[in-house]
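A look at the structure
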Amino acid sequence: MSVEPYGADEESAAVLRTVGRVVKMCREREGMTQAGLGTAIRYSEEQVSSVERGRRAPTESFLEAADRVLDAGGLIAGLKADVEKARFPKKVRDLAKLEAEAVEICAYDNSVVNGLLQTEEYLRAVFGSRRPAFSEDEVDRLVTARLTRQEIIGGPHAGTAFSFVHDEAALRRPVGGKMVLRRQLERLWEVGHMRNVEIQVLPLDSEDNSSLDGPFHLLRLKDGATVGHSDIQFVSRLTSDRREIQILELRYGIIRAQALTPRKSLAYIEKLLGET
């Protein structure tokens with residue numbers, strides 16, 4: 001995990017400080033140094049120090065190991081649920097930071113092309129269609145932010161795996177006009193040939209769609225955690241609740257099976273290009 005908890009607000013920061021004090025109290029009670037604790041639980045001294053200062057959200061394995069080594073009787077391990085909530089507070093909006101931490105990003109979209117794949121003119125058309133209307137300055141700011149997020153595809157993040165499933169409707173809607181759509185489809189076809197990207201299409205004539213509830217993302221992070229994200233109407237929501245993640249993973253697995261294979265999807269996009 002990042003040294004700073006994602007989107008940390010004062011409430012979550014207070015929780016992490018409390019957890020750090022508990023770990024420190026138990027360590028000092030046992031007469032152990034930070035370096036000694038780190039060696040015993042196979043973490044570095046710097047990591048132990050960061051946890052005790054409330055600057056790092058400890059993993060489950062850290063808490064369980066520290067509880068066992070420090071003979072805390074469940075006092076430290078019992079903080080896992082509190083740490084999980086503090087790790088992803090409700091007001092988190094810094095999606096780009098989470099994406100940068102992800103080793104795999106999966107997304108389903110049914111209305112417009114996924115934001116990480118949008119061309120500049122396409123996303124300007126998307127933002128320009130919102131009502132109440134954004135001002136020109138707001139559109140420019142949103143466009144810049146979206147283009148910055150797109151830098152995770154390729155470059156230093158080329159090791160990140162990307163999986164996108166689009167409902168065919170999203171690829172047929174002429175957002176910004178036919179030429180804008182055509183260039184957008186060309187962008188999809190180009191990115192779809194990258195080794196770390198898979199793009200799939202769910203045809204309109206498919207009788208099944210496991211996510212009629214709407215679009216969502218799954219972000220699998222470097223520490224093994226998975227975060228779900230949905231952005232619908234007035235609600236932009238991140239979740240790390242295991243039950244919700246299980247449901248989203250189930251839906252995504254099914255919808256990938258319902259969609260065309262990546263190879264057939266690229267051929268389908270090429271077909272749509274011929275019709276545009």
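To start, this report covers the structure provided alongside it. This is a predicted model, so every value here is computed, not measured.

Reading the values: rules and limits
Residues numbered from 1 in each chain as written. Predicted model: local features only at pLDDT ≥ 70, side-chain atom pairs only at ≥ 80, totals over all residues. Heavy atoms only, no water. Helix = DSSP H or I, 4+ residues; strand = E, 2+ residues; numbered from the N terminus. Expected span 1.5 Å × (residues − 1). Buried < 20%, exposed > 50% of the residue type's maximum accessible area, 1.4 Å probe, protein only. Arc of directions from axis to C-beta. Contact = heavy atoms within 4.5 Å. Phe/Tyr/Trp six-rings, centres within 6.5 Å; stacked < 30°, edge-to-face > 60°.

Here the focus is the environment of Val 19. Tracing the backbone shows Val 19 in helix H1 (residues 10-29). Taking the C-alpha atoms as reference points, Val 19 and Pro 58, 39 residues apart in sequence, are found 8.8 Å from one another.

The next thing to look at is helix H10 (residues 178-191). Side chains that are three or four residues apart share a direction in an α-helix, a result of its 3.6 residues per turn. Under the 1.5 Å per step criterion, the end-to-end length of H10 is 20 Å for 14 residues, consistent within 8% with the ideal 20 Å. Among all positions of H10, only Val 180, Leu 181, Gln 184, Leu 185, Leu 188 and Val 191 are buried. Projected down its long axis, H10 carries its buried residues within an arc of 135 degrees, all on one side. In H10, the exposed positions angled more than 90 degrees off the buried face are occupied by Lys 178 and Glu 190. Looking at the buried positions of H10, the neighbouring elements they touch are helix H7 (120-128), helix H9 (168-172), strand E3 (197-202) and helix H12 (262-275).

Here we take up the side chain of Glu 168. Structurally, Glu 168 can be placed in helix H9. Among residues more than four places away in sequence, those in contact with Glu 168 are Val 201, Leu 202, Pro 203, Leu 204, Tyr 268 and Leu 272.

Evaluated as defined, the whole model comprises five aromatic pairs. Aromatic pair Tyr 108 and Phe 216: ring centres 6.4 Å apart, planes at 50 degrees, arrangement tilted. Taken as a pair, Tyr 108 in strand E1 (residues 102-109) and Phe 216 in strand E4 (residues 216-221) lie far apart in primary sequence, 108 residues in all. Phe 216 shares its class with Tyr 108; the two are buried. Here the aromatic rings of Phe 216 and Tyr 252 are separated by 6.1 Å at their centres, their planes lie at 80 degrees, and the arrangement is edge-to-face.

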